[in-house]
Amino acid sequence: MKKTFLSLLLLCSLPVLSQDNGQDTFVQNLLSQMTLEEKIGQLNLSAGEDFSTGQAQSTNIAGKIKNGQITGIFNIKGVDKIREMQRIAVEESRLKIPLIFGMDVIHGYETVFPIPLGLASTWNMEAIEQSARIAALEASADGIHWTFSPMVDIARDPRWGRIAEGSGEDPFLGGAVAQAMVKGYQGDNTYTGNDRIMACVKHYALYGASEAGRDYNTVDMSRIRMFNEYMYPYQAAVEAGAESVMASFNEVDGVPATANKWLMTDILRNTWHLKGFIVTDYTGIEEMTAHGIGDLQTVSARALDAGIDMDMVSEGFLSTLAQSFKEGKITEEQINTACYRVLVAKYKLGLFTDPYKFCDTQRAKTQIYTPEHRSIARKIAAESFVLLKNADDVLPLKKQGTIAVIGPMANTRSNILGAWSVSADLSKPATLVEGLKEVSGKNTRIVYAKGSNLTEDAEYEKRSTGTGHTLYRDNQTNEQLLNEALSAAQKADVIVAALGEASEMSGESSSRTDLNIPDVQQDLLKALLKTGKPVVLVLFTGRPLTLTWEQENVPAILNVWHGGSEAAGAIGDVLFGDVNPGGKLVATFPKNVGQIPLYYNHKNTGRPLPEGKWFEKYRSNYLDVDNEPLYPFGYGLSYTQFEYSDVKLSSSTMEANGNLTASVTVTNKGQRAGAEVVQLYIRDREGSVTRPVKELKGFEKVFIEAGQSKEITFQITPGLLKFYNYHLEYVLEPGEFDVMIGGNSRDVKTIRFTLH
Ligand code: GLC
């Protein structure tokens with residue numbers, strides 16, 4: 001009764017929906033009733049108090065809602081709280097305009113999936129879309145309308161902690177993931193039901209290119225690199241219909257993205273035709289005073305003029321736009337345009353018809369963290385793991401004997417989730433020990449010891465385990481911890497070393513200069529290896545690490561990223577062979593930090609090192625290490641082996657308006673079925689600008705039974721060969737092209753064709 005009455009009240013107080021029930025008519029009518037202050041209020045996004053994702057807090061939220069000074073709230077969890085905030089807006093404000101509720105649901109809501117870097121490592125777009133679909137189902141069941149995802153920043157520097165949140169170093173793969181996630185969240189972009197949420201592609205633009213991998217740092221790159229190597233994933237998300245875009249903190253061409261009209265209007269709106277709205281990142285407007293662009297009033301006016309529609313937490317719009325209008329520094333049309341876009345989003349969500357549409361308490365009780373969602377998350381987590389080494393087939397383990405599970409990541413619930421698990425219940429995930437006990441069954445004895453703390457330095461550990469993700473630092477000495485571990489190891493037939501990064505060692509404001517497994521954990525690993533028992537390293541990480549010593553000394557290494565709420569069982573599924581791992585890296589693992597940035601789609605330079613050579617004077621190389629990564633882009637092993645043969649092209653020439661078919665035969669030479677990601681790379685041998693030595697232009701994940709073969713084909717079209725030239729024209733240039741096909745970016749078979 002109450003809901004119907006409120007909806008009626010709302011409609012009575014607003015203009016009667018015009019005959020065409022048109023969105024534009026409704027919004028224009030509403031705009032015509034609004035004061036300047038109320039329009040500005042619709043551009044102000046506040047942070048709730050349930051958790052913090054930035055360094056400033058919003059205040060007096062209820063009062064500002066009543067005064068029409070808030071358009072939406074994020075960082076608030078729970079349908080009851082959301083309903084109450086919405087009630088204040090639609091009952092106590094003058095025009096009763098509903099609020100929009102957002103949240104960082106970036107790899108699941110309460111059912112948590114692997115971090116996005118892990119999700120991308122599945123190379124399975126259907127699985128990625130499904131993860132976003134489930135995230136939308138659960139978040140919308142709890143009152144959320146809008147997620148600040150997908151994060152699509154290309155990242156080539158693993159010192160940057162936010163590499164965890166994206167899809168790695170390649171734009172082709174990044175674009176595919178972006179589209180899958182937008183579709184998973186938004187469906188057909190109509191929001192007729194209440195189980196879809198609006199996406200927000202971020203961080204536009206180039207945030208992943210922060211110098212030295214230090215968060216929020218300067219970004220500076222040529223526009224040719226920008227458009228050939230970084231911008232496509234944002235464009236792909238916009239073309240997929242992303243309803244909003246988030247501006248990045250960093251500057252581009254010397255102007256912070258938040259005030260960069262070329263980025264926000266010329267490119268995003270006038271070239272890519274974004275229809276939705278643009279929100280800043282957390283205090284992104286206010287931070288432009290620190291960038292040195294002006295005082296709060298100046299930077300707020302510049303942001304509005306650049307094309308920003310919504311101010312996240314700065315309250316720069318709220319506190320200065322009216323004054324700037326009076327001073328003629330901005331126009332009412334600019335405010336109307338921004339307000340129109342925000343109101344359209346609320347209209348599309350159906351919030352004017354029913355502001356409580358997403359506040360279905362029954363859904364909140366029945367559709368969140370369900371066994372079905374968790375089962376899917378466990379399957380996807382297992383698919384995200386990357387088998388980096390498996391000497392002498394140490395893996396899979398047998399479900400028998402005694403297994404010692406040792407390490408600071410063996411007995412944690414919260415740290416298995418990964419960064420940005422803001423809406424998860426940190427107490428819910430199973431620990432790795434529990435997961436292995438569940439999967440290994442009654443014939444296996446699992447013993448546990450922590451073995452070491454996360455890091456020698458207590459303060460470093462504290463900085464790395466914030467926001468409730470504690471590892472309960474053990475006050476025993478390193479020696480005492482080690483002795484406990486060795487005593488557990490002594491009882492075991494095989495040792496599982498659960499080591500690596502805590503979940504908050506990656507993500508925002510979590511850059512690192514040393515990418516080794518932390519000191520005390522390495523000491524532990526060396527001691528475990530000295531026992532002479534088989535050691536399997538289960539590596540938890542939010543980024544590529546430098547594992548040169550481990551690759552040389554540890555028989556088996558399984559990279560499990562931070563696999564989400566169901567990771568423990570998933571790790572068991574893979575370790576005991578119930579699932580054959582098939583994940584492939586989407587970011588290069590360097591041999592050491594000195595090689596960074598190190599990425600597969602690099603340029604040849606004028607002095608390339610000859611193939612297979614380690615060093616040659618006067619060539620582009622180092623004195624102390626070769627140019628090769630430890631593990632290349634696209635790399636990942638399986639419990640079986642795949643052989644590539646018979647790479648063919650339908651022709652050795654291609655017309656500018658034609659296409660070619662590339663084919664390859666992949667054979668499963670092992671004893672068990674498995675999935676393989678067949679990758680297609682192309683090299684433009686000559687261009688009017690320098691071109692990368694290879695670029696991913698196709699991939700297909702195939703499942704092949706033991707002993708079977710499959711022929712995989714790829715269509716090579718002119719669009720795959722285009723690039724931005726010196727004048728930023730998107731061109732196709734004739735010449736020779738190499739087609740390379742393989743199971744990673746290094747081990748490929750090559751064939752050439754000529755484009756006429
Ligand atoms: C943070 C992040 C951004 C996030 C936003 C809201 O600072 O940069 O990714 O969506 O604030 O939490």
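Worth saying up front: this structure is predicted, and the values here are computed from it rather than measured. Going along each chain's sequence as written, the residues are numbered from 1 onward. Predicted model: local features are reported for residues with pLDDT of at least 70 only, side-chain atom pairs are reported and counted for 80 or more only, and whole-chain, interface and lining totals are derived from all residues. As a rule here, side-chain values cover all heavy atoms of the structure and leave hydrogens and water aside.

**Examining helix 9 (residues 223–230)**
The periodicity of an α-helix, 3.6 residues per turn, causes residues three or four positions apart to be oriented the same way.
And then number 1: Along helix 9, six of the eight residues are buried, which leaves the element largely enclosed by surrounding structure.
And then number 2: Only protein chains enter the accessibility calculation, which uses a 1.4 Å probe; a residue whose area is less than 20% of its type maximum is buried, one above 50% is exposed, and one in between is partly exposed. By the criteria applied, helices consist of DSSP H or I runs no shorter than four residues and strands consist of E runs no shorter than two, each listed in order from the N terminus. Listed as buried for helix 9 are Ile-224, Met-226, Phe-227, Asn-228, Glu-229 and Tyr-230.
And then number 3: On its buried face, helix 9 sits against helix 8 (171–186), helix 10 (232–239), strand 7 (251–252), helix 11 (261–267) and strand 23 (723–724). Whether two residues touch is decided by their heavy atoms; if any such pair falls within 4.5 Å, the residues are in contact.

**As for unusual backbone geometry**
And then number 1: A cis amide bond, omega 10°, links Tyr-204 with the succeeding residue Ala-205.
And then number 2: Along the chain, Ala-205 falls in the loop between strand 5 (200–204) and helix 9.
And then number 3: The omega torsion across Leu-395 and Pro-396 is -5°, close enough to zero to call that bond cis.
And then number 4: Note that Pro-396 resides in the loop between strand 11 (386–390) and strand 12 (401–406).
And then number 5: Positioned with a positive phi, Tyr-191 is a non-glycine residue whose angle comes to about 60°.
And then number 6: Topologically, Tyr-191 is positioned in the loop between helix 8 and strand 5.

**A few points about the confidence of the model for the chain**
And then number 1: The quantity known as pLDDT measures the predictor's confidence residue by residue, on a range of 0 to 100. Mean pLDDT over the chain stands at 96; residues scoring 70 or higher make up 97%.
And then number 2: Between residues 1–20, whose pLDDT stays under 50, and residues either more than four places distant or in other chains, the model counts 28 contacts.

**With respect to the environment of Ala-141**
And then number 1: With respect to the helices, strands and loops of the structure, Ala-141 is situated in helix 7 (residues 125–141).
And then number 2: With a relative accessible area of 0%, Ala-141 lands in the buried category.
And then number 3: Separated by 150 residues in sequence, Ala-141 and His-291 have C-alpha atoms that sit 40 Å apart.
And then number 4: For Ala-141, the contacting residues outside a window of four places in its chain are Val-79, Phe-358, Asp-360, Arg-363, Ala-364, Gln-367 and Ile-368.

**Side note on the pattern of salt bridges**
And then number 1: Every case where a carboxyl oxygen of Asp or Glu lies within 4 Å of a side-chain nitrogen of Lys or Arg is listed as a salt bridge. Counted by the stated rule, this structure contains 45 salt bridges.
And then number 2: Among the salt bridges present, the one from Asp-104 reaches Lys-202, with a minimum N-O distance of 3.3 Å. With Asp-104 in the loop between strand 3 (100–103) and helix 6 (116–120) and Lys-202 in strand 5, this residue pair connects regions lying 98 residues apart in the sequence. There is no split in this pair, since Asp-104 and Lys-202 are both buried.
And then number 3: The salt bridge involving Arg-691 is made with Glu-695; its shortest N-O contact spans 3.0 Å.
And then number 4: According to the relative accessible area criterion, Glu-695 is buried, its value standing at 12%.
And then number 5: Salt bridges sharing partners connect three or more residues here, namely Lys-66, Glu-84, Arg-87, Glu-91 and Glu-92.

**A short note on the layout of surface pockets**
And then number 1: Only protein atoms enter the calculation, which uses a 1 Å grid: trapped sets of points that fit a 1.4 Å probe without letting it out are cavities, open sets showing protein on both sides within 12 Å along at least five of seven lines are pockets, and any residue with an atom within 4 Å of a point is a lining residue. Grid points are joined across faces, edges and corners, and a volume is the space filled by probe spheres set on the points. Taken as a whole, the largest pocket encloses approximately 1100 Å³ of empty space.
And then number 2: Every element with two or more residues in the lining of the largest pocket is listed here: strand 25 (735–742) and strand 26 (748–755).
And then number 3: Gly counts as polar in this scheme, as do all residues outside two lists: the nonpolar Ala, Val, Leu, Ile, Met, Phe, Trp, Tyr, Cys and Pro, and the charged Asp, Glu, Lys and Arg. The residue inventory of the lining of the largest pocket, partitioned by class, reads 14 nonpolar, eleven polar and ten charged.
And then number 4: Of the voids in this model, the second largest pocket is the one considered here, and its volume is about 790 Å³.
And then number 5: Around the second largest pocket, the lining comprises 32 residues; the ones closest to its centre are Thr-467, Glu-504, Glu-508, Ser-509 and Ser-510.
And then number 6: Looking at which element gives the most residues to the lining of the second largest pocket, the answer is helix 19 (residues 458–464), with three residues.
And then number 7: Its residues assigned to classes, the lining of the second largest pocket shows eleven nonpolar, 15 polar and six charged.
And then number 8: Boundary definitions for the domains trace back to an automatic or database domain assignment. Split by domain, the residues of the lining of the second largest pocket number at least three in each of domain 1 (1–59 + 73–97 + 332–369) and domain 2 (370–575).

**Points about the packing of helix 20 (residues 478–490) against helix 21 (residues 519–530)**
Helices that pack against each other are described as a pair by the angle of their axes relative to one another and the distance between those axes.
And then number 1: Here helix 20 crosses helix 21 at 35°, and the two axes come no closer than 10 Å. Classified by chirality, the crossing of helix 21 by helix 20 is right-handed. Listed contacts from helix 21 to Asn-478, Leu-482, Ala-485, Leu-486 and Ala-489 of helix 20 are Val-520, Leu-524, Ala-527 and Leu-528.
And then number 2: Each residue belonging to the contact of helix 20 with helix 21 can be placed in one class, and the counts come to eight nonpolar, one polar and no charged. In this description, a line fitted to the C-alpha atoms serves as the axis of each element, helices being fitted only across the stretch in contact, and the angle between N-to-C directions of two axes falls anywhere from 0 to 180 degrees. The sense of a crossing depends on the near helix, which, turned anticlockwise from the far helix by less than a right angle, makes the crossing left-handed and, turned clockwise, makes it right-handed.

**Digging into the nonpolar core**
And then number 1: Judged by nonpolar contacts, the single largest core of 176 residues is most densely connected at Trp-146, Tyr-204, Met-231 and Ile-406.
And then number 2: In this text, buried Ala, Val, Leu, Ile, Met, Phe, Trp, Tyr and Cys residues form a nonpolar core when linked through side-chain atoms within 4.5 Å. With 38 residues, the next largest nonpolar core counts Ala-381, Met-409, Met-505 and Phe-576 among its residues.

**Section: the domain arrangement of the chain**
And then number 1: When the domains of the chain are assigned, the result is domain 1 (1–59 + 73–97 + 332–369), domain 2 (370–575) and domain 3 (640–755).
And then number 2: For domain 2 versus domain 3, the distance between C-alpha centres works out to 36 Å.

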